[in-house]
Amino acid sequence: MQRFTISLDDDLAAQFDAFIAAKGYVNRSEAVRDLIRSRLGSASLDKPAAKRSNWCVANVSYVYDHHEQTVTTRVLDLQHDHHDLVITSLHTHLDHDHCLETVVLRGPTAAVRACAEQLVALRGVRHGNVHLVPLDAGESHAHGNARPHRHLKPLN
């Protein structure tokens, strides 16, 4: 592990300490590591196609009114159209009218991003949010007689 020192003006340090306390970090170092990981992951996804991570996992969350049957149908149809990307979904009832749905997608970055953006852009979907995490696909390998597979690990 490497150490480095940074200097912050008093106001920025106070804001950072308030952020650390609010988020429940144990210390400044862990908060800085988390912020760096987040920014590097975002930068990896924003690189030109030849240099970006080819695989990712995404958490897509959105709210909709379940009484609008057409939005429910559109959401389900899109998930079924992309069954190769959809790992799981969680449906939560917020009240008599509204539902929160969280969908986890995994696959090639371009396909996952396109599916996620289509989900939150559907007519009737509100409060959509997409969180992409770049993955290192590694090399394909097999254990004994098992089928070849890849271990998809988050990039640092």
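Everything numeric in this text was worked out from a predicted model, so none of it was measured.

S.K.: I'm lost on the overall build of the chain in this one. Help?
M.R.: Broken down by element type, the chain carries four helices and five strands. Counting helices and strands in the order they occur from the N terminus, the chain gives α-α-β-α-β-β-α-β-β. The globule rule puts the C-alpha radius of gyration for 156 residues at 15 Å, and the 20 Å found for the chain is more than 25% above it. Out of the 156 residues belonging to the chain, those deemed buried represent 26%. When contacts within the chain are restricted to residue pairs at least 6 apart in sequence, long-range pairs at least 24 apart make up 57% of them. Per element, the accessible surface of the chain, about 10900 Å² overall, is 53% carbon and sulfur. Averaging the coordinates of the 17 positive side-chain charges in the chain and doing the same for the 18 negative ones gives two points 9 Å apart.

S.K.: Just checking my understanding: could you explain the pattern of salt bridges for this structure?
M.R.: Pairing of side chains with opposite charge becomes possible as their charged atoms draw close. Summed over all chains, the structure comprises two salt bridges. The salt bridge involving arginine 28 is made with aspartate 17; its shortest N-O contact spans 2.8 Å. Of this pair, arginine 28 sits in helix H2 (residues 28-46) while aspartate 17 sits in helix H1 (residues 10-23), and the two are 11 residues apart along the sequence. When its relative accessible area of 32% is taken as the criterion, aspartate 17 is described as partly exposed. In this structure, arginine 126 engages glutamate 68 in a salt bridge whose closest nitrogen and oxygen atoms are separated by 3.4 Å. With arginine 126 in strand S4 (residues 125-136) and glutamate 68 in the loop between strand S1 (55-65) and helix H3 (69-81), this residue pair connects regions lying 58 residues apart in the sequence. Under the relative-accessibility criterion, arginine 126 is labelled partly exposed at 32%. Take glutamate 68: its relative accessible area is 31%, and that puts it in the partly exposed class.

S.K.: Please clarify how the side chain of aspartate 65 should be interpreted in this entry.
M.R.: Structurally, the position occupied by aspartate 65 is in strand S1. Within the buried core, aspartate 65 has no salt-bridge partner, and the shortest N-O distance to an opposite charge, that of arginine 126, equals 4.7 Å. Among the polar contacts listed, one links the side chain of aspartate 65 to the backbone nitrogen of histidine 67, at a separation of 2.8 Å. Ignoring any residue separated from it by four or fewer positions in sequence, one finds aspartate 65 in contact with Val71, Asp97, His98, Gly124 and Arg126.

S.K.: Hey, could you run me through unusual backbone geometry in this one?
M.R.: Peptide bonds are mostly trans, and most non-glycine residues show a negative phi. One non-glycine residue, histidine 127, adopts positive backbone phi at about 55°. Structurally, histidine 127 is set in strand S4.

S.K.: Explain the packing of aromatic side chains here, please?
M.R.: Aromatic rings considered in pairs are described by the distance between their centres and by the relative angle of their planes. In total, this model carries three aromatic pairs according to the counting rule given. Among the aromatic residues, those joined into a ring-pair cluster are Phe16, Phe19 and Tyr25.

S.K.: Just to check I follow, could you spell out the nonpolar core for this structure?
M.R.: One broad rule of soluble globular proteins: the nonpolar side chains tend to lie buried together. The biggest cluster of nonpolar side chains holds 20 residues, and the ones touching the most others in it are Val60, Tyr62, Val75, Leu105, Val112 and Leu119. Listed by contribution, the elements that provide at least two residues to this core are S1, H3, strand S3 (98-108), helix H4 (109-121) and S4. For this core, the element with the highest residue contribution is S1, accounting for five residues. In contact with valine 75, not counting residues within four places along its chain, are Tyr62, Glu101, Leu119, Leu122 and Val125.

Procedures and definitions
- Residues numbered from 1 in each chain as written.
- Predicted model: local features only at pLDDT ≥ 70, side-chain atom pairs only at ≥ 80, totals over all residues.
- Heavy atoms only, no water.
- Helix = DSSP H or I, 4+ residues; strand = E, 2+ residues; numbered from the N terminus.
- Rg over C-alpha atoms; globule rule 2.2 N^0.38 Å.
- Buried < 20%, exposed > 50% of the residue type's maximum accessible area, 1.4 Å probe, protein only.
- Contact = heavy atoms within 4.5 Å.
- Areas by Shrake-Rupley, 256 points an atom, 1.4 Å probe, with all protein chains shown as cover.
- Lys, Arg positive; Asp, Glu negative; His and termini not counted.
- Charge placed at Lys NZ, Arg CZ, Asp CG, Glu CD.
- Salt bridge = Lys/Arg side-chain N within 4 Å of Asp/Glu carboxyl O.
- Polar contact = N/O pair within 3.5 Å; in protein donor to acceptor, adjacent residues only side chain to side chain.
- Phe/Tyr/Trp six-rings, centres within 6.5 Å; stacked < 30°, edge-to-face > 60°.
- Core = buried A, V, L, I, M, F, W, Y, C linked by side-chain atoms within 4.5 Å.

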